[in-house]
Each structure stands twice: as C-alpha cells, then as structure tokens.
Amino acid sequence: MIQDTVNELILYAKFHLKMQEADTLYFKNILLGELGLSSPSFSPVDKERIASYDVPDPLIDDVKKYLVNERKFDEVEADLFTTKLMGLLSPNPSVVINDFNELEKESPRKALDFLYDLSIKNNYIRKTDIDRNIVWDTDFSDKNLEISVNLSKPEKSNADIAKLVAKVDSKEEKYPKCLLCLENLGFYGNKKQPARENIRIIPVRLGGEDWFLQYSPYGYYHMHCICFSKEHYNMVIDYNTFIRLIKFVDRFPCFFIGSNADLPIVGGSILNHEHFQGGEHLLPVMKAKIEKEYKINKYVNTRLYKLDWYNTTLMIEGKDRGEVANLATDILEKWRTYKDPVNEVYGVDFEGKHNTITPSIRKVNDTYYLYLILRNNKCTPQYPDGIFHAHKQYHMIKKEGIGIIEAMGLFILPGRLVRQSSEIKEVLERKLNDAEIIKTYPDLEDFIQMIHDLSHKYDKDNINRDIRNYINDVCRNILINTAVFKDTIVGKLGLDNFIRSVNLWLVKTI
Ligand SMILES: [Zn+2]
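Residues numbered from 1 in each chain as written. Predicted model: local features only at pLDDT ≥ 70, side-chain atom pairs only at ≥ 80, totals over all residues. Heavy atoms only, no water.

**Student:** Hey, could you go over the sheet that holds strand β6 (residues 256-258) for me, with residue numbers and the actual values?
**Tutor:** Reading across from one edge, β3-β4-β5-β7-β6-β15-β16-β10-β9-β8-β18 is the order of the eleven strands in this open sheet, with antiparallel pairing throughout. The open sheet has two edge strands with one neighbour each: β3 (202-206) and β18 (506-509). Strand-to-strand twist of the sheet, defined as the mean angle between neighbouring strand axes without regard to direction, takes the value 25 degrees. Both strand β10 (residues 313-318) and strand β16 (residues 367-376) contribute to a ladder of six bridges, which runs antiparallel. In the strand pairing of β16, G318 is matched with Y368. With respect to the sheet, helix α11 (residues 321-336) is in contact with β8 (290-296), β9 (302-307), β10, β15 (355-364) and β16, its orientation differing from that of β16 by roughly 5 degrees. (Pairing = 2+ DSSP bridges. Helix = DSSP H or I, 4+ residues; strand = E, 2+ residues; numbered from the N terminus. Axes fitted to C-alpha atoms, helices over the stretch in contact; angles between N-to-C directions. Contact = heavy atoms within 4.5 Å.)

**Student:** Provide a residue-level description of the environment of I478, including the pertinent values.
**Tutor:** Looking at the element boundaries, I478 is found in helix α16 (residues 463-481). We classify I478 as buried; its relative accessible area is 0%. Distance in space between the C-alpha atoms of I478 and I404 is 14 Å, their sequence separation being 74 residues. Those residues within four positions of I478 in sequence are excluded, and the remaining contacts are A390, Y394, K398, I402 and F411. (Buried < 20%, exposed > 50% of the residue type's maximum accessible area, 1.4 Å probe, protein only.)

**Student:** Any chance you could break down α16 for me, citing the residues and the numbers?
**Tutor:** In this model, α16 (19 residues) spans 27 Å end to end at C-alpha, consistent with the 27 Å of a helix rising 1.5 Å per residue. Of all the residues in α16, the buried ones are I463, D466, I467, Y470, I471, N472, V474, C475, I478, L479 and N481. Buried positions along α16 lie against β1 (134-137), β2 (146-150), α12 (404-407), β17 (410-414), α13 (416-430) and α15 (448-456). (Expected span 1.5 Å × (residues − 1).)

**Student:** Kindly report on the sheet that holds β2, identifying the contributing residues and their values.
**Tutor:** With mixed pairing, three strands are arranged side by side in an open sheet as β1-β2-β17. Two strands close off the open sheet at either side, each with one partner strand: β1 and β17. Put simply, the sheet's adjacent strands are angled 20 degrees from each other on average, direction ignored. Two strands pair when backbone bridges link them, and β1 and β2 are joined in this way by four bridges, in the antiparallel orientation. Across the sheet, I134 pairs through a bridge with V149, a residue of β2. The strands touched by α16 are β1, β2 and β17; relative to β17, the strand with the most contacts, the crossing angle is about 120 degrees.

**Student:** Outline α11, listing residues and values.
**Tutor:** Taking 1.5 Å of rise per residue, 16 residues should cover 22 Å, and α11 covers 22 Å from first to last C-alpha, within 8% of that figure. Taken together, the buried positions of α11 are occupied by E323, V324, A325, L327, A328, T329, D330, I331, L332, W335 and R336. Put simply, D320 is the residue that caps the front of α11, since its side-chain oxygen is 3.0 Å from the backbone nitrogen of G322. (Polar contact = N/O pair within 3.5 Å; in protein donor to acceptor, adjacent residues only side chain to side chain.)

**Student:** Give a description of the coordination of the zinc ion that names residues and reports values.
**Tutor:** Distances from the zinc ion to its protein donors, C178 (SG), C181 (SG), H232 (ND1) and H273 (ND1), fall within 2.0 to 2.3 Å. What the four donor atoms of the zinc ion show is an angle range of 99 to 124 degrees at the metal, which sorts the shape as tetrahedral. H273 sits in the buried class, given a relative accessible area of 0%. (Donors = N, O, S within 2.8 Å, 3.2 Å for Na, K, Ca; no water. Tetrahedral: all angles 85-135°; square planar, octahedral: opposite > 155°, others 65-115°.)

**Student:** How would you summarise the pattern of salt bridges if you had to cite specific residues and measurements?
**Tutor:** On inspection of all chains with the given rule, the structure shows 40 salt bridges. Where K105 meets E102, a salt bridge forms, and the shortest distance between an N and an O atom there is 2.8 Å. Taken together, the residues K105 and E102, both in helix α6 (residues 93-106) and three residues apart, mark about one turn of the helix. Overall, the relative accessible area of 65% leaves K105 in the exposed class. Linking E104 and R251 is a salt bridge whose minimum nitrogen-to-oxygen distance equals 2.8 Å. One end of the pair, E104, is in helix α6; the other, R251, is in helix α10 (residues 239-251), and 147 residues separate them in sequence. Bridged by salt links that share partners, the residues E291, K306, D487 and K492 form one connected network. (Salt bridge = Lys/Arg side-chain N within 4 Å of Asp/Glu carboxyl O.)

**Student:** Quick one: what's the story with unusual backbone geometry, residue by residue and with numbers?
**Tutor:** Residues Y175 and P176 are joined by a peptide bond in cis, for which omega reads -15 degrees. With respect to the helices, strands and loops of the structure, P176 is situated in the loop between α9 (158-166) and β3. Positive phi is not limited to glycine here, since M223 has a value of about 55 degrees. Residue classification places M223 among the buried residues on the basis of a relative accessible area of 1%. Non-glycine residue E344 carries a positive phi angle of around 60 degrees. For E344, a relative accessible area of 36% translates into the label partly exposed.

**Student:** Any details on the nonpolar core? Residues and values, ideally.
**Tutor:** In terms of nonpolar packing, the biggest core is built from 94 residues, with L35, Y215, F248, L304, I331, L374 and F498 touching the most fellow members. Dropping the residues within four chain positions of it, I331 is found in contact with L304, L314, I316, I357, L372, L374, F498 and V502. By size, the runner-up hydrophobic cluster in this structure holds 53 residues, among which are L432, M450, I463 and I471. (Core = buried A, V, L, I, M, F, W, Y, C linked by side-chain atoms within 4.5 Å.)

**Student:** So what about the state of the cysteines? Which residues, and what values?
**Tutor:** By definition, a disulfide links the sulfur atoms of two cysteine residues through a covalent bond. The full count for this structure, using the stated rule, is zero disulfides. The thiol of C225 is unpaired, and the distance to the nearest cysteine sulfur, on C227, comes to 6.7 Å. (Disulfide = S-S within 2.5 Å.)

**Student:** An account of the pairing of β9 is needed here, citing residue identities and associated values.
**Tutor:** Taken across its six residues, β9 has five buried, putting it largely inside the fold. Pairing analysis gives four bridges linking β8 to β9, with the strands arranged antiparallel. Bridge pairing links E293 to Y305 in β9. As judged from the five bridges shared by β9 and β10, these two strands associate in the antiparallel manner. Directly across from T302, in β10, lies its bridge partner G318. Turn length for the β9-β10 hairpin, with the two strands adjacent in sequence and antiparallel, is five residues.

Taken by themselves, the reported measurements are silent on function.
Now the structure itself:
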C-alpha cells in the first residue's frame with residue numbers, strides 16, 4: 001500500500017538523509033498531501049530493511065508504480081515527481097553546505113565522501129543506472145585503456161553539440177540556461193530538462209571567481225565531480241584555467257581535476273558553460289610512462305616531459321604553482337597559432353581557431369602534475385569530421401567528440417553496442433552475406449568491415465572476446481587519430497620543433 005511506502009520513505013530519510021525526529025511528522029503529512037492521500041498507514045515499518053538500503057530505488061519504484069497505475073502519470077512525469085519527493089526528504093542546501101564545510105576542517109576527503117554518499121542516498125546520483133554500464137580494461141601489452149558501454153545516456157553527435165554552441169547567441173530565453181547553471185538547484189524539470197530538487201551543490205572560490213562543486217548524476221568513474229562557474233559563459237582555456245585547476249587540487253588534493261578543450265569536436269558536450277570535471281579515479285594517461293624530457297632553463301624548478309601516450313600529451317611537474325601555470329600558458333599561447341603543414345597542423349586560419357589544449361592536474365604530496373593534451377579541430381574534405389577526430393571507419397563504435405575523458409584513456413561508448421554486438425554474433429553464426437546483413441539489420445551497415453574482419457578467424461566459442469578485442473583496437477586507433485603529432489619520425493620531429501619554438505630556453509631533449 002502506498003501509505004506504507006510513505007512511512008518507509010520517512011524512516012529512510014531519518015536513517016540515510018539526516019532527517020531530524022522532530023521533522024518526521026511534518027514531512028509525513030507533506031508527502032501524504034503530495035500523493036493525494038487523506039490518511040496515513042498505521043502498520044509497523046521493517047526498520048532493519050530500510051536501514052540496510054544502499055539506494056532508495058525500491059521505495060522510489062513503489063511510488064512510481066502508484067503514480068503510473070493509480071494516478072495515470074507517464075514515466076517521465078513519475079520520474080519528475082519522485083525526484084521532487086527525494087528533494088523534500090533531503091537536508092536543505094544550506095545545511096549540506098554547512099555540514100560539508102565542517103567536515104572539510106577534519107579532512108577534504110571526509111567532506112567529499114559525505115556529499116557523494118548523500119547524493120547517492122537521495123537518488124541524485126543514479127547509482128543503479130550507473131551500475132548497469134558494462135566496463136572493462138583492455139589487455140594490451142602496455143598503455144591500457146578503460147572502456148565503458150554506457151547504458152544510461154543517449155549519444156550526442158558533434159552536429160548536436162555545434163547547435164548547442166550556436167544557440168548561445170539566440171534570443172530564446174531558456175531557464176535554466178543550461179544543464180550546468182546554478183539555477184538548476186531545486187528546478188522542477190520537464191520533458192527536456194532533468195528535475196534537480198535533490199541536487200546539492202557546494203560553493204568553492206577558484207582564482208577570484210565563484211564556482212560550485214557537484215557530482216555527476218551519471219558518473220563515468222568513481223566520484224566523478226563537476227565544478228562549474230556561477231556565471232553562464234563559454235568555456236575558455238587560458239592562464240586563469242591553470243590557476244583554477246591548481247587552486248582546486250590545493251583544496252581537494254585527493255581528486256584530479258581537468259577541463260575539456262574550448263573548441264567543438266575536441267571539447268566536451270557542453271561548451272557554453274565554463275566547467276571542469278574531476279574525481280578520485282586515476283585515468284589511464286596518468287599511469288603513462290615518460291617518453292622524453294625537455295630540459296628547459298626558463299623555469300628552474302619545473303620539468304617538462306612528453307608522455308608515452310597515444311595522443312600528444314605533455315606533462316609539467318613541479319612544486320611552484322606560479323611556474324607550473326606560467327609554463328603551461330607559454331605552451332598554450334604558442335600552440336594557439338602554431339602552424340606545421342607537414343603534420344597538417346594549422347592553429348588558426350580563415351575559419352577561425354583550431355588549436356587548443358585539454359588540461360588536467362593532480363597533486364601528489366606537494367608536487368603538481370599538469371597534463372596538457374595538444375588538440376586541433378580542423379576539418380578537411382578528406383576528413384569532414386576532423387583530421388584529428390575519430391576517422392569515419394570508426395564511427396560505428398564512437399562518433400561523438402573525443403573530450404577530456406576519452407582523451408585521457410577512458411572510452412564511453414554508446415549503449416546500442418550491446419544490441420549490435422549480439423546481432424553481429426548472429427550474422428557471423430548464420431554466415432549472412434552483405435545484402436542479407438543490411439536487409440536484416442539496417443544499422444549494421446557501418447559494421448560490414450568489422451564483420452568481414454571477424455569472419456576470417458570466426459570461432460564461436462571466443463566470439464565475445466574477439467568482438468571486445470576489436471572494439472579495444474578501434475578505441476586505440478581513435479586515440480591515435482586524435483594525436484596532432486603522430487608516433488612517427490615526422491611527428492616526433494614536429495613536436496620537438498614546436499617545443500623549441502616556445503620560448504623556454506630549451507637546453508636539450510633527453
Ligand atoms: Zn549554464
């Protein structure tokens with residue numbers, strides 16, 4: 001009975017969402033009113049069961065069933081409504097901020113854990129959905145990647161993202177302006193915008209600006225957080241970015257933090273609101289070996305390396321935050337307009353800016369490790385989606401922009417691959433020809449080459465492994481596509497020439 005669920009929700013809030021005893025009757029009556037119920041249930045509640053819940057899903061599912069069956073809500077309306085209820089049952093935003101700040105005095109870690117746990121317990125972080133994602137590590141001999149087939153979010157194409165960026169100047173007033181705006185706090189939501197009554201956000205001051213910290217509702221890795229500016233403005237990578245990244249890890253050294261690049265194709269899905277992404281997880285590039293060091297004289301306490309990674313990644317190591325930020329800025333500013341026709345790099349041309357950087361940082365003890373991935377988004381008739389974007393033959397696996405998370409070695413792949421993989425297995429087993437494949441499964445057309453390649457060594461018992469290995473290889477090739485300086489003599493020379501052109505008083509390359 002739904003009245004029993006109301007009692008269970010109140011008890012859940014007491015156990016898991018810090019609801020005070022004195023508030024329980026008040027909120028019980030509010031919930032009854034919200035659900036259109038005239039009186040409560042007086043049946044006892046199974047306390048142990050409610051105390052043992054890691055997530056509120058069983059209770060939310062009960063409420064949704066009631067709303068759909070008895071009140072004729074559709075799925076989206078039921079989701080909006082239950083989010084509102086979870087928001088009501090959660091501590092107010094100011095209480096969460098105070099608790100966070102108090103815990104942070106003990107340790108930043110405790111404060112971050114508190115917000116993370118609360119965000120799962122009030123269903124802002126959709127843990128049950130996240131747990132449905134299929135994740136694995138590649139088994140290459142070195143430089144392994146992490147793969148996650150995302151079963152909780154739809155795929156966005158670069159064209160969709162470009163539309164979002166173009167929208168910034170339109171007169172259309174949308175509220176909140178985007179998914180990252182502070183005004184989402186408590187927002188009821190609708191069929192296009194998610195409900196956010198249960199989000200809780202912590203103010204942080206970064207480089208003289210007001211920013212806010214929250215977790216991602218569909219995190220791609222452990223404790224995936226988002227830090228965003230108070231004002232809604234387009235992303236920009238510059239000296240201030242490096243300073244803000246440094247300030248963030250000074251305050252929260254147990255997290256890495258990074259920014260998507262500030263141009264379409266090589267940036268993330270939201271370019272119109274300045275934000276960073278971080279978390280506890282060590283992304284694969286952070287485990288990459290050093291390939292070479294550039295000995296420089298301009299910054300005596302700071303070192304510059306090239307990492308042995310698929311795309312062009314530099315790493316700055318140092319304890320002096322001024323030097324670290326200045327060295328990164330020297331490289332960025334030179335890179336913005338850098339031209340190297342042999343490597344097809346044109347930093348700027350009649351179409352506008354093409355060169356940018358994907359930066360990220362972590363702090364170990366008192367040493368900063370700042371990673372700079374050199375990026376370029378130029379398109380040509382041969383590569384209409386980007387010279388340094390996933391090439392067309394790999395789009396069946398991933399066609400979205402390669403943002404910070406993929407560039408650093410964690411691939412988020414579309415959920416459709418689960419269905420397509422089982423269709424590929426069937427096609428191989430039935431030995432269908434190309435025409436039959438396209439007739440039976442029209443969206444396998446782009447997989448024809450993959451099916452041919454797999455058919456040469458078809459082994460029914462190992463087909464799952466072979467499909468997975470094929471996907472792994474495609475992801476590796478996509479990252480190699482994004483390298484502005486390839487792992488070739490011409491590419492390596494190109495990078496050395498670029499570093500030499502930055503005024504760093506280069507002594508030698510080791
Ligand atoms: Zn915004």
